[in-house]
Amino acid sequence: MLLEMKDVSVNYGKVSAVRDISLSVPDGAIVTIIGGNGAGKTTSLRAMSGMVPLRKGEIHFDGQRIDGLSSDKIVARGIAHVPEGRRIFPDMTVEENLRTGAFLRRDHDKVARDLDGVFDRFPRLRERRRQLAKTMSGGEQQMLAIGRALMSAPRLLLMDEPSMGLAPVIVEEIARIIEDINAQGVPVVLVEQNAELALELASHAYVLETGNMALEGPADELHDNEHVRAAYLGI
Ligand code: ATP
């Protein structure tokens, strides 16, 4: 397994956000976490990227324990997080935003090549490289957030609600981008409220309900599961 969470609990003060959750990400896979509002999806990703401390449990990445490391160190190990709501820097240009993704890297020649690679993947970002990020559309900002994460040369990409607030045609575009990034060898943990999309993209899925891992299994099996259909697919 590339990443393993074992019996992880996270609290915010006295509020328990997730309890004893375990999850595995095989190398090369797209794994999804679905669930309703406040189920603990964002918290699970934040735990993986070192943005919240664990109350209990362990996280291993590539055979080494990473819980307790700072988020900078976790980025340096190869985990990149595309946060909910994109969190781009609105008053910086597109290119400056992308370069922040590489802030820990010292391999400057390869950074330049990776920037070209991001521009090849997202031609609209190349066209707008000197434009302020805040002037971009929602879909373009999502592409920028993904591009910025790719600039850290990740070995695992964590994506929080990439489809949020986007028109259906743009959601489809983002979905193809996620598939493409994965096909080029980057495993993905995808958090989504859009369960239909998430189960289409992922090979394995986890269902979080009020902080507990309620179900897990191959994505196609969960797609056919009565409870998942009723609660998350509106069928
Ligand atoms: P959503 O899809 O609505 O973002 P989620 O599944 O990502 O939901 P989390 O954001 O992980 O859920 O929240 C899990 C629980 O932790 C919720 O009850 C939420 O209210 C609580 N929580 C999240 N962040 C904080 C915080 N900074 N302080 C206190 N409680 C928090």
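Computed from a predicted model, the values in this text were never measured in an experiment.

Peer 1: Where do I start with the overall build of the chain in this structure?
Peer 2: If you tally the helices and strands in the chain, you get 10 helices and 10 strands. By the compact-globule yardstick of 18 Å for 235 residues, the chain fits well, its C-alpha radius of gyration being 17 Å. Principal-axis analysis of the C-alpha atoms places the extent of the chain at approximately 45 × 40 × 30 Å. With 235 residues in all, the chain has 48% of them scored as buried. Summarising the internal contacts of the chain: among those between residues at least 6 apart in sequence, 67% fall at separations of at least 24. With an accessible surface of roughly 10800 Å², the chain has 50% of that area assigned to carbon and sulfur atoms. A distance of 8 Å separates the average location of the 28 positive side-chain charges in the chain from that of its 34 negative side-chain charges.

Peer 1: Any chance you could explain helix 6 (residues 138-150) here in plain terms?
Peer 2: Residues three or four positions apart in an α-helix share a direction because the helix packs 3.6 residues into each turn. Here helix 6 spans 18 Å end to end across 13 residues, near enough to the 18 Å set by a 1.5 Å rise per residue. With respect to burial, helix 6 is a largely interior element, 12 of its 13 residues being buried. For helix 6, the elements touching its buried residues are strand 6 (79-82), helix 3 (94-100), helix 4 (108-121), helix 5 (123-127), strand 7 (156-160) and helix 7 (168-183).

Peer 1: Looking at this structure, how should I read the environment of A167?
Peer 2: Relative to the assigned elements, A167 resides in the loop between strand 7 and helix 7. By relative accessible area, which is 40% here, A167 ends up partly exposed. Spatially, the C-alpha atom of A167 lies 9.1 Å from that of G138, the residues being 29 residues apart in sequence.

Peer 1: Could you clarify how one ought to interpret the sheet that holds strand 1 (residues 3-12) in this entry?
Peer 2: Adjacent strands of a sheet pair through backbone hydrogen bonds, lying either parallel or antiparallel. Here we have four strands laid out as an open sheet, ordered 2-1-4-5, and antiparallel in their pairing. Looking along the sheet, the strands with just one partner apiece sit at the ends: strand 2 (15-25) and strand 5 (64-65). In this sheet, strand 5 lies alongside strand 4 (residues 56-61) in antiparallel orientation, the contact comprising two bridges. In the strand pairing of strand 5, F61 is matched with Q64. Contacting strand 1, strand 2 and strand 4, helix 1 (residues 41-48) crosses the sheet at an angle of about 115° to strand 1.

Peer 1: Looking at this structure, how should I read the sheet that holds strand 10 (residues 212-218)?
Peer 2: The strand order 6-7-8-3-9-10 describes an open sheet built from six strands, whose pairing is mixed. Single-partner strands in this sheet number two, and they are strand 6 and strand 10. Each neighbouring strand pair of the sheet contributes to a mean axis angle of 15°, computed without reference to strand direction. Two strands pair when backbone bridges link them, and strand 3 (residues 30-35) and strand 8 (residues 188-192) are joined in this way by five bridges, in the parallel orientation. Within strand 8, the residue paired with I30 across the bridge is V188. Lying over the sheet, helix 6 contacts strand 6 and strand 7, oriented at roughly 170° with respect to strand 6. Against the sheet, helix 7 contacts strand 3, strand 7 and strand 8, and its axis sits at roughly 160° relative to strand 8.

Peer 1: Help me out: how do you make sense of helix 4 in this one?
Peer 2: Compared with the 20 Å implied by 1.5 Å per residue over 14 residues, the 20 Å span of helix 4 between its first and last C-alpha is a close match. For helix 4, the secondary structure elements touched by its buried residues are helix 3, helix 5 and helix 6.

Here is what the cut-offs are and how they apply
Residues numbered from 1 in each chain as written. Predicted model: local features only at pLDDT ≥ 70, side-chain atom pairs only at ≥ 80, totals over all residues. Heavy atoms only, no water. Helix = DSSP H or I, 4+ residues; strand = E, 2+ residues; numbered from the N terminus. Rg over C-alpha atoms; globule rule 2.2 N^0.38 Å. Buried < 20%, exposed > 50% of the residue type's maximum accessible area, 1.4 Å probe, protein only. Contact = heavy atoms within 4.5 Å. Areas by Shrake-Rupley, 256 points an atom, 1.4 Å probe, with all protein chains shown as cover. Lys, Arg positive; Asp, Glu negative; His and termini not counted. Charge placed at Lys NZ, Arg CZ, Asp CG, Glu CD. Expected span 1.5 Å × (residues − 1). Pairing = 2+ DSSP bridges. Axes fitted to C-alpha atoms, helices over the stretch in contact; angles between N-to-C directions.

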